[in-house]
Amino acid sequence: MSHEEFPTDRPAVVTCGLPYANGDLHIGHLRTYVGGDVYARALRTLGQDTAFVSGSDMHGTPVAVNAEQEGVSPESFALDWHETYESTFPKFDVDFDNYGHTHDETNTELTTDIVRTLEENGHVYEKEIMVAYDPTEEQSLPDRYVEGTCPYCGERARGDECDEGCGRHLEPGEIEDPESTITGNPAEYREQTHKFFRVSAFQDYLSDFLDRLEGTSNARNQPREWIEGELRDWCITRDMDWGIDYPESEEGDDDLVLYVWVDAPIEYISSTKQYTERVGPDTFDWAEAWQESGDIVHVIGRDIIQHHTVFWPAMLHGVDYTEPRAVMASGFITLNGKGFSTSRNRAVWADEYLDEGFHPDLLRYYLATNGGFQQDVDFSWERFRERVNNELVGTVGNFAYRALLFAHREFGGTPDAPLSDEVRERIETAMDDFAAAVNDYSVREAGDAAVALAGFGNEYIQRNEPWNLVDDDPERAAQVIRDCVQIAKAVAVLFAPVAPGTCDRLWDQVGGEGSVHDADIDAALEPPAADLPEPTELYEKIPEERVEELNEKLAERVAESEDTEDEDMDIDFDPIESDRIDFETFQDLDIRVGEILEAEGIEGADDLARLVVDIGVEERQIVAGIKQLHDLDSLPGTRVVVLANLEPAELFGVESNGMVLAAGEEADLLTTLGDAVPGERVR
Ligand SMILES: [Zn+2]
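From a predicted model like this one, the values you see are computed outputs, not experimental measurements.

> Which residues make up the overall build of the chain, and what are the values?
Helix and strand content of the chain: 19 helices and 27 strands. Oriented by its inertia axes, the alpha-carbon framework of the chain measures out at about 95 × 70 × 45 Å. Relative to its 683 residues, the chain shows a buried fraction of 56%. Taking the intrachain contacts of the chain between residues at least 6 apart in sequence as the baseline, contacts between residues at least 24 apart amount to 74%. Of the roughly 29,600 Å² that the chain leaves accessible, carbon and sulfur atoms contribute 43%. Across the chain, the mean location of the 52 positive side-chain charges is 5 Å away from that of the 149 negative side-chain charges.

Structural data, given as structure tokens:
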């Protein structure tokens, strides 16, 4: 079943996944926010009544753990980051109508209210479960407070997520060999009473919901696997202080707070509500959008698809709120072919980008259009320069400046001539492409529609050579330039969602009234002003030396942070295992020299790569958690060390037959020093 096309007569809400109040923003993080902002602006251009909201995610154990390590309260720790995000987004023209946070009064009240309703409607029950407990510190260890082994894939897992292995959400009590992340003490499991949300009762609903769901295909397809299997209930309480109190436990004897994934998505509603409280329900009615009939579009990173397509819609359905119409899940972003690494300072930080003097529109353009929204995108300064110089300067900027300068010099503005049929039709095509892109949830295609139109403009002016016509055929010259000014105006309207700052300038240059962001798509064909100011260039070329300089800066910083990290190393090592093994046990390990033949990322898995490794006696398919840590294309031919008699496991539907040995957080691959050939045993 498909929904009615945009624009609809319902209010739309576009939300961005809440940034977790736990660290600085780099340009990789911005991908989702830029995507959401472009999409919200594009909807408005189509005439859709739209609210664009988000907020900071303040709760959860990573905030509590980090605050504890810094010796500050979780609230002040999280608020500091919240303020940073709140001031950073507008610098990139990511203009939320409301940006709240999950710890504010609106969200606390609404969350309490929604959980009460879930309880009243019979969707919550109590159950005794085993939770990790540090007997030395006499402290419960929810989520990130505990580390151990993933029961599904055997990788090291932290808290409620196997983030270095299979990516599964882990329920309390599932982690094996638990220990405290704060003290390193071994933990034990103790029985405790917790609240559970009966997600399993929503299986049929969720199956139908996924049939209706729009957005990117990864968000529609991935959850199928989860909901068609055994759908498990979610534990929605945690034994800690930081969070929103479970409704019953006001002054109570137990310290249960709500699991962060309960109150986090509710912030989407709370933030919309705050917007309504500020502008009034005549401008935007949150209750109509969320409780009657709204078009809700969630823009998220693909690591939180499960939360937005299973847990969240079940919760909304359980309290009779509007279900999401679409989920747009972005792919990951790498830097020069490797993952961003906050700890290694291998990142281009949001503030740093601006300090380099680059206009936010350049990065917005890159992030929005360098690949489909759900594809992984690599950022490099080389590619950045290439796209700015070729497309923004060479196509959009060049066309607009050429056409408008000619109009200004020869005609003092827009020549008095009707728009030609050829150009009217071409602009209509661009408008149709733009509308189709919005209905297809493709921010890239929305941007491409505008750039392709500017490309046509360049070709049109080149083909008609108005500079050769002014003397011999002034009427024809006037016609050509009239057409070009119209194209420039249409580009300003259609490109504004992607490049809001520079398109506002272009809008002024074609004599547009007010701001281009108040113009709707029909303005693309409305006549430009008769008088036009002298235009200025919209974009500037980036010289090659700048790229070298920026790459050097980045390399220096990474090296610097690696040096400091080396110095810090000795305090972070795990203690040596106290249990010794005998030689025979060691001999049970069949360790072989191997050579990587193939390496490719596994679709849908954040960190996993599928390797084919020659281990002499045979070729093995092995899944390794190295996708973001290595340039996969450069791996074939690399000598590695393989544990060959590990029992096979299936990860993301791919069979893994063996283990490639690697050291440390960055998965430094073990190799051989001399000439050992694939198949030789390691002893
Ligand atoms: Zn796992």
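> Now, about the coordination of the zinc ion: what can you tell me, with residues and values included?
All of the protein donors around the zinc ion are Cys150 (SG), Cys153 (SG), Cys162 (SG) and Cys166 (SG); their distances to the metal are 2.3 Å. Taken together, the four donor atoms coordinating the zinc ion and their angles of 102 to 114 degrees define a geometry best described as tetrahedral. In primary-sequence terms, the residues that donate to the zinc ion follow C-x2-C-x8-C-x3-C. For the pair shown, cysteine 150 and cysteine 153 are each scored as buried.

> Tell me what's going on with the environment of glutamate 666, and back it up with residues and numbers.
Among the secondary structure elements, glutamate 666 is positioned in the loop between β26 (662-663) and β27 (668-669). Taking the C-alpha atoms as reference points, glutamate 666 and leucine 629, 37 residues apart in sequence, are found 6.1 Å from one another.

> Which residues make up the packing of aromatic side chains, and what values do they have?
A full pass over the atoms with the stated rule returns 30 aromatic pairs. Centroid distance tyrosine 39 to tyrosine 441: 5.6 Å. Interplanar angle 25 degrees. Geometry classified as stacked. One end of the pair, tyrosine 39, is in helix α1 (residues 30-45); the other, tyrosine 441, is in the loop between α13 (421-439) and α14 (443-464), with 402 residues separating them in the sequence. Given the relative accessible area of 1%, tyrosine 39 is considered buried. Residue tyrosine 441 is classed as buried on the basis of its relative accessible area of 4%.

> Tell me about the pairing of strand β19 (residues 591-601), and please be specific about residues and values.
Of the pairings in the sheet, the one linking β19 to strand β22 (residues 639-643) comprises five bridges and is antiparallel in character. Note on β22: the bridge partner recorded for valine 593 is valine 641. Examined bridge by bridge, β19 and strand β20 (residues 609-614) share six bridges and lie antiparallel to one another. Across the sheet, residue glycine 601 finds its bridge partner in β20, namely alanine 609.

> Would you mind going over the sheet that holds strand β8 (residues 176-180) in detail, with residue names and values included?
Strands belonging to one sheet form pairs held by backbone hydrogen bonds; the direction of such a pair is parallel or antiparallel. Spatial strand order, β7-β6-β8: three strands in an open sheet with antiparallel pairing. Looking at which strands have only one partner, the edges of the open sheet turn out to be β7 (156-158) and β8. On average, each strand axis in the sheet is tilted by 25 degrees relative to the strand beside it, whichever way the strands run. Where strand β6 (residues 146-149) and β8 come together, three bridges link them in antiparallel fashion.

> If you had to explain the pattern of salt bridges to someone new, which residues and values would you point to?
Tallied over the full model, the rule gives 34 salt bridges. In this structure, the salt-bridge partner of aspartate 37 is arginine 41, at a minimum N-O distance of 2.7 Å. Placement of both aspartate 37 and arginine 41 in helix α1 is noted, with a separation of four residues, approximately one turn of the helix. The burial state of aspartate 37 is the same as that of arginine 41; both residues are buried. Across the pair arginine 44 and aspartate 97 runs a salt bridge, and its minimum N-O distance is 2.5 Å. Taken together, the positions of arginine 44 in helix α1 and aspartate 97 in the loop between α3 (74-91) and β3 (98-101) put the pair 53 residues apart, joining distant regions of the chain. Within the structure, one salt-bridge network assembled from shared partners comprises Glu4, Arg10, Glu214, Asp295 and Arg325.

> Before we move on, could you go through unusual backbone geometry and cite the residues and values that matter?
Note the cis peptide between phenylalanine 6 and proline 7, where omega equals 0 degrees. Here proline 7 shows up in the segment before β1 (12-16). In this structure, phenylalanine 652 is a non-glycine residue whose phi angle is positive, near 50 degrees. Within the fold, phenylalanine 652 resides in the loop between β23 (649-651) and β24 (654-656).

> Go over empty space enclosed by the protein with me, naming the residues and quoting the values.
The tally for this structure, following the rule as stated, stands at three cavities of 30 Å³ or more. Taken as a whole, the largest cavity encloses approximately 170 Å³ of empty space. Taken together, 20 residues make up the lining of the largest cavity; nearest its centre are Leu141, Pro142, Asp143, Pro172 and Gly173. At the level of elements, β4 (124-134), β9 (188-197) and β12 (237-239) are the ones that each hand at least two residues to the lining of the largest cavity.

> How would you sum up helix α12 (residues 381-411)? Please name residues and give values.
Along its length, α12 shows its largest kink, about 40 degrees, at glycine 397. Residue glycine 412 follows α12 closely and has a positive phi angle near 70 degrees.

> Give a detailed account of the layout of surface pockets, specifying residues and quantitative values.
Taken as a whole, the second largest pocket encloses approximately 310 Å³ of empty space. Residue lining of the second largest pocket: 17 residues in total, with Thr334, Gly337, Asp376, Lys627 and Leu632 positioned closest to the centre. Contributing elements (two or more residues each) for the lining of the second largest pocket: β18 (377-379) and β19. A total of three residues in the lining of the second largest pocket trace back to one element, the largest contributor, which is β19.

> Outline the sheet that holds β4, supporting the account with residue identities and numerical values.
Across the sheet, four strands lie side by side as β5-β4-β9-β11; this open sheet has antiparallel pairing. The two strands at the open ends of the sheet, each matched to only one other strand, are β5 (139-140) and β11 (234-235). Two elements, β9 and β11, share two bridges in a ladder whose sense is antiparallel. Within the sheet, the bridge partner assigned to phenylalanine 197 lies in β11 and is tryptophan 234.

> Describe in detail helix α8 (residues 286-293), supporting the description with residues and values.
All of the buried residues along α8 are Trp286, Ala287, Ala289 and Trp290. With a side-chain oxygen positioned 3.1 Å from the backbone nitrogen of alanine 287, the residue opening α8 is aspartate 285.

> Account for the nonpolar core, naming residues and giving values.
Within the largest apolar cluster, 110 residues are counted, with the highest numbers of intra-cluster contacts made by Tyr39, Tyr353, Phe379, Phe384 and Phe495. Among the elements that make up this core, the one with the highest residue count is helix α16 (residues 474-495) (13 residues). Those residues within four positions of phenylalanine 495 in sequence are excluded, and the remaining contacts are Tyr365, Leu392, Val396, Gly447, Ala450, Val451, Cys503 and Tyr539.

Basis of the calculations
- Residue numbers here run from 1 along each chain, matching the order of that chain's written sequence.
- Restriction of local features to residues with pLDDT of at least 70 applies here, the model being predicted, together with a cutoff of 80 or more for giving and counting side-chain atom pairs; totals for whole chains, interfaces and linings are based on all residues.
- Hydrogens and water are ignored here; the side-chain numbers use all heavy atoms of the structure.
- Each helix corresponds to a stretch of at least 4 residues labelled H or I by DSSP, and each strand to a stretch of at least 2 residues labelled E; elements are numbered beginning at the N terminus.
- Classification of residues uses two cut-offs on accessible area relative to the type maximum, computed with a 1.4 Å probe and protein chains only: under 20% is buried, over 50% is exposed, and between them is partly exposed.
- Any two residues having at least one pair of non-hydrogen atoms within 4.5 Å are treated as being in contact.
- Note on areas: Shrake-Rupley, 1.4 Å probe, and residue coverage restricted to the protein chains presented here.
- The charge count treats Lys and Arg as positive and Asp and Glu as negative. His and the chain ends do not count.
- Note that the charge is assigned to NZ on lysines, CZ on arginines, CG on aspartates and CD on glutamates.
- Coordination here is defined by N, O and S atoms within 2.8 Å of the metal (3.2 Å for Na, K and Ca), and since water is not considered, a site can look incomplete.
- Square planar and octahedral sites, with four and six donors, are those where opposite donors lie more than 155 degrees apart and all other angles lie between 65 and 115, tetrahedral sites have four donors with every angle between 85 and 135 degrees, and the rest are irregular.
- In summary, the pairing rule links any two rings of Phe, Tyr or Trp, Trp by its six-membered ring, whose centres are within 6.5 Å, and it sorts them by plane angle into stacked for under 30 degrees, edge-to-face for over 60 and tilted for everything else.
- Any two strands with at least two DSSP-identified bridges between them are counted as paired.
- Only C-alpha atoms enter the line fits that serve as axes; for helices the fit covers just the stretch in contact. Angles between N-to-C directions range over 0 to 180 degrees.
- Definition used for salt bridges: Asp or Glu carboxyl oxygen within 4 Å of a side-chain nitrogen of Lys or Arg.
- Any residue with an atom within 4 Å of a point lines the site, the site being either a cavity, points on a 1 Å grid over the protein atoms alone where a 1.4 Å probe fits but cannot get out, or a pocket, an open set with protein on both sides within 12 Å along at least 5 of 7 lines.
- Grid points are joined across faces, edges and corners, and a volume is the space filled by probe spheres set on the points.
- Bend at a residue means the angle formed by two fitted axes: the first through the 7 residues ending at that position, the second through the 7 residues beginning there.
- Any pair of N or O atoms that falls within 3.5 Å is considered a polar contact. Within protein, one atom must be able to donate a hydrogen and the other to accept it, and sequence-neighbouring residues count only if both atoms are side-chain atoms.
- Side-chain atoms within 4.5 Å link the members of a nonpolar core, which is a set of buried Ala, Val, Leu, Ile, Met, Phe, Trp, Tyr and Cys residues.

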